[in-house]
Amino acid sequence: MTIYETLLPQREHLARACRVMGKLDVTKSTYGHISMRIQAPGPGGDLVLIRARGPGESGIRYTAPEDIILVDLDGRKVAGRDDLHVPKEVFIHTQLLRARPDVHSVLHAHPATVMLFTICDKPLLPLFGAYDPQALRLVRKELSYYDRSILISDDDKGRTLAEAIQSSKACLMRGHGITTCGATVEETTLTAIRLNEVAELNYKAYLLGNPRPISDADLEAFDQGKEVEWASYWRYYCRLVDEN
Ligand SMILES: [Zn+2]
């Protein structure tokens, strides 16, 4: 059995995360990819599973385990179907995985509402937190910004993006999209979903009037709050895509 075949459970997991992104309209059509580090001791270094592009792809909403290919940390294809190729922006993933040993999964997508905030230089405000304190923490403490609108199509551009991201969980890329990262595929995907929800709510609040951020006193109270467990969120989203 090849290494690619033994990675079927990981490919199934990654494909489901892609379907969640499509189902929630965080990204549409054929755009967007999520990756997962495969630790491989030895001279070649770690490998990466990533949603592929190309004539044979299914589109993000319908991603199957066969749409996931294996690449190395230089962004070269190692295994996968002949009608699939490495995404042009694979360097977002490979350079972030190189720079951050704590990161085991990276996501890149182009959610329109988040993009609007980067285009118009409007800040994402801390508007809610009671039912989702992690969304509040994300917008206050875990965001970074990348000011260029270019395609991240080589190692140098990937390195520059990784430098902008530093130790953050999510990056707003001007006139382009988002990159999120985390220790697991679940964490990375849920961060992207939260970021999109924060942007959607901010957008509607700006349309309705003058959004009023949560007061400093209430923000301080949230800082004392406990971490919300993520497993039930993930189960919900998996069921959402597995049922149809
Ligand atoms: Zn992109």
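Use the structure listed above.
None of these values were measured; they are calculated from a predicted model.

Rules of the game
Residues numbered from 1 in each chain as written. Predicted model: local features only at pLDDT ≥ 70, side-chain atom pairs only at ≥ 80, totals over all residues. Heavy atoms only, no water. Donors = N, O, S within 2.8 Å, 3.2 Å for Na, K, Ca; no water. Tetrahedral: all angles 85-135°; square planar, octahedral: opposite > 155°, others 65-115°. Helix = DSSP H or I, 4+ residues; strand = E, 2+ residues; numbered from the N terminus. Buried < 20%, exposed > 50% of the residue type's maximum accessible area, 1.4 Å probe, protein only. Pairing = 2+ DSSP bridges. Axes fitted to C-alpha atoms, helices over the stretch in contact; angles between N-to-C directions. Parallel < 35°, antiparallel > 145°, perpendicular 65-115°, else oblique. Left-handed = near helix turned anticlockwise from the far one by under 90°. Contact = heavy atoms within 4.5 Å. Nonpolar A, V, L, I, M, F, W, Y, C, P; charged D, E, K, R; others polar.

Peer 1: Talk me through the coordination of the zinc ion; I want residue IDs and the actual numbers.
Peer 2: Octahedral metal centres with six donors ideally show angles of 90 or 180 degrees, and tetrahedral centres with four donors ideally show 109.5 degrees. Distances from the zinc ion to its protein donors, Glu89 (OE), His108 (NE2), His110 (NE2) and His176 (NE2), fall at 2.1 to 2.2 Å. Geometry at the zinc ion is irregular, judged from the four donor atoms that bind it and their angles of 89 to 142 degrees at the metal. The sequence pattern formed by the donor residues of the zinc ion is E-x18-H-x1-H-x65-H. Of this pair, Glu89 sits in the loop between β4 (77–79) and α3 (90–99) while His110 sits in the loop between β5 (105–109) and α4 (112–120), placing them 21 residues apart in sequence. Judged by its relative accessible area of 5%, Glu89 falls in the buried class.

Peer 1: Residue-level account of the sheet that holds β5, with values.
Peer 2: Spatially, the eight strands line up as an open sheet ordered β4-β3-β2-β1-β5-β8-β7-β6, and their pairing is mixed. Each end of this open sheet is capped by a strand with a single partner; those strands are β4 and β6 (143–146). Between one strand and the next, the sheet's axes are offset by a mean angle of 25 degrees, whatever the strand orientation. Here β5 pairs with strand β8 (residues 177–182) via five bridges, running antiparallel.

Peer 1: Could you give me a rundown of the packing of helix α5 (residues 133–141) against helix α8 (residues 216–223), with the residues and numbers involved?
Peer 2: For the pair α5 and α8, the least separation of the axes is 11 Å and the interaxial angle reads 110 degrees. By the angle between their directions, the pair α5 and α8 is classed as roughly perpendicular. Crossing hand, α5 versus α8: left-handed. Contacts from Pro133, Leu136, Arg140 and Lys141 of α5 reach α8 at Leu219, Phe222 and Asp223. Here the residues of the contact of α5 with α8 are counted per class, giving four nonpolar, no polar and three charged.

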